[in-house]
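# Report on the structure
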Amino acid sequence: MKKYRVLLVNDDGYQSKGLTAIRNRLVDEEFEVITVAPDRNMSGSSHSLTFTKPLKIEKLEENFYYVVDGTPADCVHLGYHVILKGQKPDILVAGINTGPNLGNDIFYSGTVGAAREGTMLGIMSVAFSPSSAKNPDFEGMSHLAVKIIKQVLHKGLPDKVFLNVTFPNLPVDQIKGYLLTRQGRSAYKEEIKRYISPSKEVYWWIGGEESLEEECEKGTDYTAVKEGFVSITPIRLDLTDYRGIEIMERFDFLSIE
């Protein structure tokens, strides 16, 4: 029986409980797991690569556990090109994230950015997150995540498409099933806080409060997790709006004087 090779990354850092849970589960299921994680929390780093400084790879454990002083996408890039020496893994797994990556979060998420980078390298990739950062059951989520990973390995994915998977914050035995969904809107009530230092300097902290109380459209990732389902959203690399091209051609947009 083939032993599948997994490149495992995240954006919350190598000490994340979500990363540890999925890594241990994959090892228990006899996957070969090569873990490459940032040396600190890199949430919100999206798909950024580090071009302004050299990067260091530190081997943490003998069983393929590496730490990088860079972004999640850096971890994917170095994991594939340096640690694996260009030998493609069977799948890339990003997560399990510590908080939600729903709706517009996918544009900011380092977890999703890592999965996108893996897809650009021709690796089947899946990003995993809970629907809330409030007491997520990472052990239960890792159990469901491995089921999805096995399905991807057996059935494959469309070309240049990766999956953004979000688990409802429920005990496993209360989850109703799985739904294929589309991207919803925002998961947060945006908030910018003002702080004043002891030296009277003003600082700003960008953040937001988790919220699933907004109106949820049918078929979206939000609706799925709110109703107790695991949301599986296929995300494509090509962001072109082909309908937008047709509309702009109809009103002769390029008649620029």
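Scroll up for the structure.
All of these numbers come straight from a predicted model, not from anything done at the bench.

Take the packing of aromatic side chains next. Counted under the stated rule, the structure contains three aromatic pairs. Note on Phe-128 and Phe-167: the rings are 5.8 Å apart at their centroids and 10° apart in plane angle, and the pair reads as stacked. Within this pair, whereas Phe-128 is found in strand β6 (residues 125-130), its partner Phe-167 is found in strand β7 (residues 161-167), the two being separated by 39 residues in sequence. Look at Phe-167 and you get buried, because its relative accessible area is 0%. Geometrically, the ring pair formed by Phe-251 and Phe-253 is edge-to-face, given 6.3 Å between the ring centres and 70° between the ring planes. A residue is classified by how much of its surface remains accessible, and Phe-253, at 43% relative accessible area, is partly exposed.

Turning next to the packing of helix α1 (residues 17-28) against helix α4 (residues 138-155). At their nearest, the axes of α1 and α4 sit 9 Å apart, and the two run at 50° to each other. Here α4 runs oblique to α1, going by the angle between their axes. For the crossing formed where α1 meets α4, the hand is right-handed. On the side of α1, the interface is formed by Lys-17, Gly-18, Ala-21, Ile-22, Arg-25 and Leu-26, while α4 contributes Phe-138, Glu-139, Ser-142, His-143, Ala-145, Val-146 and Ile-149.

Attention now goes to the nonpolar core. Membership of the largest hydrophobic core comes to 30 residues, with the highest contact counts inside it found for Ile-22, Phe-128, Ile-149, Val-165 and Phe-167. Contributions of two or more residues to this core are made by β1 (5-9), α1, β2 (32-38), β5 (91-94), β6, α4, β7 and β11 (229-236). The element that contributes the greatest number of residues to this core is α4, accounting for nine residues. With residues up to four places along the chain from it excluded, the contact list for Ile-149 reads Ile-22, Leu-26, Phe-31, Ile-91, Val-93 and Phe-128.

This brings us to the pairing of β5. Burial along β5 is two-sided: Ile-91 and Val-93 facing one way and Leu-92 and Ala-94 facing the other are all buried. Pairing of β1 with β5 involves four bridges; the strand directions are parallel. Bridged to Val-9 within β5 is Ala-94. Bridge analysis of β5 against β6 gives three bridges, and the strand direction is parallel. Considered in β6, the bridge of Leu-92 is made with Ser-125. Each parallel crossover has a hand, and for β5 linked through helix α3 (residues 110-120) to β6 it is right-handed.

Bringing the environment of Leu-49 into the picture now. Tracing the backbone through its elements, the reader meets Leu-49 in the loop between β2 and β3 (57-61). Between the C-alpha atom of Leu-49 and that of Gly-70, which follows or precedes it by 21 residues, the distance is 7.9 Å. With near-sequence residues (within four places) excluded, Leu-49 lies in contact with Thr-71, Ala-73, Asp-74 and His-77.

With that settled, the discussion passes to the sheet that holds β2. Across the sheet, nine strands lie side by side as β3-β4-β2-β1-β5-β6-β7-β11-β8; this open sheet has mixed pairing. If you trace the sheet from one side to the other, it starts and ends with β3 and β8 (177-180), each paired once. On average, adjacent strands in this sheet sit at an angle of 25° to one another, irrespective of strand direction. Contacts from α3 reach β1, β5, β6 and β7, with the element oriented near 170° to β6.

With that settled, consider the pattern of salt bridges. Scanning the model with the defined rule gives three salt bridges in all. The closest approach of N and O atoms between Arg-5 and Glu-32, which form a salt bridge, is 3.1 Å. Of this pair, Arg-5 sits in strand β1 while Glu-32 is found in strand β2, placing the two residues 27 residues apart along the sequence. A salt bridge links Lys-150 to Glu-29; the nearest nitrogen and oxygen atoms lie 2.9 Å apart. Of this pair, Lys-150 sits in helix α4 while Glu-29 sits in the loop between α1 and β2, and the two are 121 residues apart along the sequence. Residue Lys-150 is classed as partly exposed on the basis of its relative accessible area, which comes to 32%.

Cut-offs and rules
- Residues numbered from 1 in each chain as written.
- Predicted model: local features only at pLDDT ≥ 70, side-chain atom pairs only at ≥ 80, totals over all residues.
- Heavy atoms only, no water.
- Phe/Tyr/Trp six-rings, centres within 6.5 Å; stacked < 30°, edge-to-face > 60°.
- Helix = DSSP H or I, 4+ residues; strand = E, 2+ residues; numbered from the N terminus.
- Buried < 20%, exposed > 50% of the residue type's maximum accessible area, 1.4 Å probe, protein only.
- Axes fitted to C-alpha atoms, helices over the stretch in contact; angles between N-to-C directions.
- Parallel < 35°, antiparallel > 145°, perpendicular 65-115°, else oblique.
- Left-handed = near helix turned anticlockwise from the far one by under 90°.
- Contact = heavy atoms within 4.5 Å.
- Core = buried A, V, L, I, M, F, W, Y, C linked by side-chain atoms within 4.5 Å.
- Pairing = 2+ DSSP bridges.
- Right-handed = clockwise from strand over helix to strand, strands pointing away.
- Salt bridge = Lys/Arg side-chain N within 4 Å of Asp/Glu carboxyl O.

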